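# Coordinate analysis (summary)
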Amino acid sequence: MPRILKSLRKIHSYLGLLILPWIIAFGFTGFYLNHSELILSALPLNTYEDNYQTYMDLEQPLTLEQSANIARGYWPESKMLSVERISYHEQSAIEFKRENGSIIVVPKTGVYYVKSAISNKMFTPDGLLQHRKIYWNYIFGIFHRTGWLDWRIGTILADITAIALIAFGISGLLIWYLPRHKRVMRRFSEQ
């Protein structure tokens, strides 16, 4: 019995250390799911002010080729999915959709946006990062479901953590119960 208890304690300890980061993260993201406004108010880069009127119109609007050259600078390894004219923040724009996200160029001002699933970055015509926004809702939601920041490896980390939590709970219960087992059995035999 002491050997079993010692092994269980060791397993319980190592499981606890192994899954501790995910336990904290899942606890945090679970708390976020119930109290999103409270959490979002404390996080940086939650919003940005897109004041497109700050940027003067260029003498000549960017051509489609000039806009495409800007878009080629982002995620060059990512396949181009489509190019289309859109209205973005009440402006006429060209959206270059890639597998990793979108590059949206406003030809009139030269301002462009680089959007992925987790962030949106606004650049001046000179290429300087002006504003950045992180999509915390997406990050917390995806992390809570997958245990990671994207779906590439599926839910394997979340599944491993869930299984480890089950083993962690069972081993904790056994660590608590086994020393009491003889007393419980004695009480039943006396009755």
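Preceding this section is the structure that the text describes.
Residues numbered from 1 in each chain as written. Predicted model: local features only at pLDDT ≥ 70, side-chain atom pairs only at ≥ 80, totals over all residues. Heavy atoms only, no water.

This part takes up a positive patch on the surface. A cluster of basic side chains, namely Lys182, Arg183, Arg186 and Arg187, defines a positive patch on the protein surface. Following the sequence through the fold, Arg183 ends up in helix α5 (residues 156–190). (Patch = residues over 30% accessible without salt bridge, like charges linked within 9 Å, V, L, I, M, F, W, Y side chains within 5 Å. Areas by Shrake-Rupley, 256 points an atom, 1.4 Å probe, with all protein chains shown as cover. Salt bridge = Lys/Arg side-chain N within 4 Å of Asp/Glu carboxyl O. Lys, Arg positive; Asp, Glu negative; His and termini not counted. Charge placed at Lys NZ, Arg CZ, Asp CG, Glu CD. Helix = DSSP H or I, 4+ residues; strand = E, 2+ residues; numbered from the N terminus.)

With that settled, the discussion passes to helix α1 (residues 2–34). Along its length, α1 reaches its greatest deviation from straightness, about 55°, at Ile19, and the proline Pro21 lies no more than four positions downstream. When we look at burial in α1, the residues that qualify are Leu5, Leu8, Leu15, Gly16, Ile19, Ala25, Phe26, Thr29, Gly30 and Tyr32. (Bend = angle between axes of the 7 residues up to and from the residue. Buried < 20%, exposed > 50% of the residue type's maximum accessible area, 1.4 Å probe, protein only.)

Moving on, we get to the sheet that holds strand β2 (residues 91–98). Taking strand neighbours across the sheet as the criterion, the six strands line up as β1-β2-β3-β4-β5-β6 in an open arrangement whose pairing is antiparallel. The outermost strands of the open sheet, each flanked by one partner alone, are β1 (80–88) and β6 (129–134). If you compare each strand with its neighbour and ignore which way they point, the axes differ by 15° on average. Across four bridges, strand β3 (residues 101–105) lies against strand β4 (residues 112–115) in antiparallel orientation. (Pairing = 2+ DSSP bridges. Axes fitted to C-alpha atoms, helices over the stretch in contact; angles between N-to-C directions.)

So, about the packing of α1 against helix α4 (residues 136–146). Direction vectors running N to C along α1 and α4 enclose 125°, while the axes themselves pass 9 Å from each other. The pairing of α1 with α4 is recorded here as oblique in orientation. Here α1 runs over α4; the crossing is left-handed. Contacts between α1 and α4 involve Trp22, Ala25, Phe26, Phe28, Thr29, Gly30, Tyr32 and Leu33 on the former and, on the latter, Asn137, Phe140, Phe143 and His144. Among the residues forming the contact of α1 with α4, the class breakdown is eight nonpolar, four polar and no charged. (Parallel < 35°, antiparallel > 145°, perpendicular 65-115°, else oblique. Left-handed = near helix turned anticlockwise from the far one by under 90°. Contact = heavy atoms within 4.5 Å. Nonpolar A, V, L, I, M, F, W, Y, C, P; charged D, E, K, R; others polar.)

Turning our attention to unusual backbone geometry. Phi is positive for Trp75, which is not a glycine, with a value near 50°. Among the secondary structure elements, Trp75 is positioned in the loop between α3 (64–72) and β1.

Positionally, Ser119 belongs in strand β5 (residues 119–123). When near neighbours in sequence (up to four residues on either side) are disregarded, Ser119 contacts Val114, Lys133, Ile134 and Tyr135.

Attention now goes to a nonpolar patch on the surface. A contiguous nonpolar surface patch, about 240 Å² in accessible area, is contributed by Leu64, Met80 and Val83. Mapped onto the fold, Met80 is located in strand β1.

Looking now at the environment of Phe28. Following the sequence through the fold, Phe28 ends up in helix α1. For the pair Phe28 and Phe140, spaced 112 residues apart in the sequence, the C-alpha separation amounts to 8.7 Å. Non-local contacts of Phe28, meaning those with residues more than four positions away in its chain, are made with Ile39 and Phe140.

Time to look at the nonpolar core. Residues Ala68, Ala71, Trp75, Ile94, Phe96, Ile103, Val105, Tyr112, Val114 and Phe123 constitute the largest nonpolar core, which totals 10 residues. For this core, the secondary-structure elements that each account for two or more residues are α3, β2, β3 and β4. Setting aside residues up to four positions removed in sequence, Phe96 forms contacts with Leu64, Ser67, Ala68, Ala71, Met80, Ser82, Val83, Gly101, Ser102, Ile103 and Val105. (Core = buried A, V, L, I, M, F, W, Y, C linked by side-chain atoms within 4.5 Å.)

Glancing now at the pairing of β5. The element β5 is largely enclosed, with a buried count of four among its five residues. Bridge count between β4 and β5: four bridges; the pairing is antiparallel. Considered in β5, the bridge of Val114 is made with Lys121. Between the end of β4 and the start of β5, which pair antiparallel, lie three residues.

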